[in-house]
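# Structure assessment
Residues per chain are reported as follows:
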Amino acid sequence: MTIDNRRNRSKLLVALAALLAFPAMAQTVKVTPLGGVDGEFCLLDRALLFEDPNGTRILYDPGVTVAGPDDPRLGKIDIILISHMHGDHLGGARAKAPGSGACDKPDTSVSAMPNSNAVDIALAKNAKIVTGSEMPPFFAAKLKANGGNPANALLARFGGSVLVGGVRIATVNALHSNGVDPDYIGGELGQAMKQAGIAGDVGLATGYIITFSNGLVAYLSGDTGITADQDLVVRGHYNAKLAVMNMGDGFSTGPVEAAYVINDLVKPASVIASHANEVGTVNGIVRPGSKTETFQKAVKVPVYIPRSGRTMQFDAAGKCTAGC
Ligand SMILES: [Zn+2]
């Protein structure tokens, strides 16, 4: 045996010993985008499906591209997260089937009013809806009105957290708005609000911090501006290693601002671009001149593009180990 071989062998033994000592760290969290067109990153793509190594499945911001509770891509859903009440996240309308629209023209032909796509999915899957701010009573009322269990609407308000299915969920501040469309309210009150041009109030918009059972901490930004909390709380306290960063511009941080958030404030190991409000890829390749490209070029850590149906896997350190 040469010295090099011996060295390699001892390295291998050390790695093996580490795996045996910390088996959770070797496990990965699977992230599968449920977008509008298979293999692409499209205009209204928001939904991500997270699967913890323990089997717990979490649907984040189902929006319009998940084709309701019967969408075969969903499977078992244990938890639904909704960053805020806007229709492109909650799902005021939805596609009739996966892939039924075009990348620049998502199919929103099925109305999900007055319940929302998220609530329809929660009812069918008996999933828990974990939200912050003052959103849980809205979801509890919707579940109850439709024969579901209002106790499935759980609160995780800023600074606290809940443990659901072995996964710890906290919310963080998102600098955005969070009005409830009067169409979810309906009746005379809904009509009057609509005429007056005002939305319902369910408190502040949120992002999420998820701590998976393998130790991976993920930051889901939601729609947000630049906040001091991204440094002080998301990095300083939670030390998030994977970020899902919205960068749609106009409504929230654009690609340049989002890159600053990642490079200088959150400083994760990896980031998944999200909420581009554009055709982000063509034939699975980032479109030249797109916001997605601007973001990818400006960020110093690896930026992964959420191509619908393509599962990525992340270890405890936030490193992509497969599918990226
Ligand atoms: Zn949005």
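This is a predicted model, so every value here is computed, not measured. (Residues numbered from 1 in each chain as written. Predicted model: local features only at pLDDT ≥ 70, side-chain atom pairs only at ≥ 80, totals over all residues. Heavy atoms only, no water.)

### Looking at the packing of helix α9 (residues 255-266) against helix α10 (residues 291-298)
It is the contact of α9 with α10, at a shortest axis distance of 9 Å, that shows an interaxial angle of 30°. In this view, α9 runs roughly parallel relative to α10, as classed from their interaxial angle. Two packed elements cross with a definite hand, and for α9 against α10 that hand is right-handed. Of the residues in α10, those touching α9 at P255, V256, A258, A259, I262 and N263 are K291, T294, F295 and A298. Broken down by class, the residue content of the contact of α9 with α10 amounts to 7 nonpolar, 2 polar and 1 charged. (Axes fitted to C-alpha atoms, helices over the stretch in contact; angles between N-to-C directions. Helix = DSSP H or I, 4+ residues; strand = E, 2+ residues; numbered from the N terminus. Parallel < 35°, antiparallel > 145°, perpendicular 65-115°, else oblique. Left-handed = near helix turned anticlockwise from the far one by under 90°. Contact = heavy atoms within 4.5 Å. Nonpolar A, V, L, I, M, F, W, Y, C, P; charged D, E, K, R; others polar.)

### Topic: the nonpolar core
Among the nonpolar cores identified, the biggest contains 27 residues, and F50, L81, F212, L220 and F314 are the most heavily contacted of them. In contact with F50, not counting residues within four places along its chain, are V29, K30, V31, T56, R57, I58, Y60, F212, L220 and V244. (Core = buried A, V, L, I, M, F, W, Y, C linked by side-chain atoms within 4.5 Å. Buried < 20%, exposed > 50% of the residue type's maximum accessible area, 1.4 Å probe, protein only.)

### Focus: the coordination of the zinc ion
Here the zinc ion is held by the protein donor atoms D88 (OD), H89 (NE2), D223 (OD) and H275 (NE2), which lie 2.1 to 2.4 Å from it. Considering all 4 donor atoms around the zinc ion, the spread of angles at the metal, 88 to 170°, places the coordination shape in the irregular class. The sequence pattern describing where the donors of the zinc ion fall on their chain is D-H-x133-D-x51-H. One end of the pair, D88, is in helix α3 (residues 87-90); the other, D223, is in the loop between β14 (217-220) and α8 (229-235), with 135 residues separating them in the sequence. What makes D223 buried here is its relative accessible area of 2%. (Donors = N, O, S within 2.8 Å, 3.2 Å for Na, K, Ca; no water. Tetrahedral: all angles 85-135°; square planar, octahedral: opposite > 155°, others 65-115°.)

### What to know about the side chain of D315
With respect to the helices and strands, the residue D315 is situated in the loop between β20 (312-314) and β21 (320-322). Summary of buried charges: D315 has no salt-bridge partner, and the nearest side chain of opposite charge, K319, is 5.4 Å away. (Lys, Arg positive; Asp, Glu negative; His and termini not counted. Salt bridge = Lys/Arg side-chain N within 4 Å of Asp/Glu carboxyl O.)

### Some thoughts on the side chain of T171
Within the secondary structure, T171 is located in strand β10 (residues 167-173). On the accessibility criterion, T171 (1% relative accessible area) is buried. At 2.5 Å, the side chain of T171 and the backbone oxygen of A156 are in polar contact. A distance of 3.4 Å separates a polar side-chain atom of T171 from the backbone nitrogen of F158. In contact with T171, other than residues within four places in its own chain, are T131, G132, A156, R157, F158, G159, T206, G207 and Y208. (Polar contact = N/O pair within 3.5 Å; in protein donor to acceptor, adjacent residues only side chain to side chain.)

### Considerations on the pairing of strand β13 (residues 206-211)
Across the 6 residues of β13, 5 count as buried, placing the element largely inside the fold. Bridging between β13 and β14 involves 4 bridges; their strand directions are antiparallel. Residue pairing for β14: T211 is matched across the bridge by V217. Hairpin remark: β13 followed by β14, antiparallel, with 5 residues in the connecting loop; positive phi at G215, about 100°. (Pairing = 2+ DSSP bridges.)

### Here's the deal with the state of the cysteines
Inspection of the entire model under this criterion finds 2 disulfides. Note that C42 is cross-linked by a disulfide to C103, the S-S spacing being 2.0 Å. In this structure the cystine formed by C42 and C103 twists about its S-S bond by roughly -105°; its chirality is therefore left-handed. Of the two residues, C42 is situated in the loop between β1 (29-33) and β2 (48-51) and C103 in the loop between β5 (93-94) and β6 (110-111); the sequence distance between them amounts to 61 residues. Grouping residues by exposure puts C42 and C103 together as buried. Paired by a disulfide, C320 and C324 hold their sulfur atoms 1.9 Å apart. Given an S-S torsion of about 95°, the disulfide between C320 and C324 has right-handed geometry. Judged by relative accessible area, which is 14%, C320 ranks as buried. Sequence-ordered numbering of the bonded cysteines in the protein chain gives a pairing of 1-2, 3-4. (Disulfide = S-S within 2.5 Å.)

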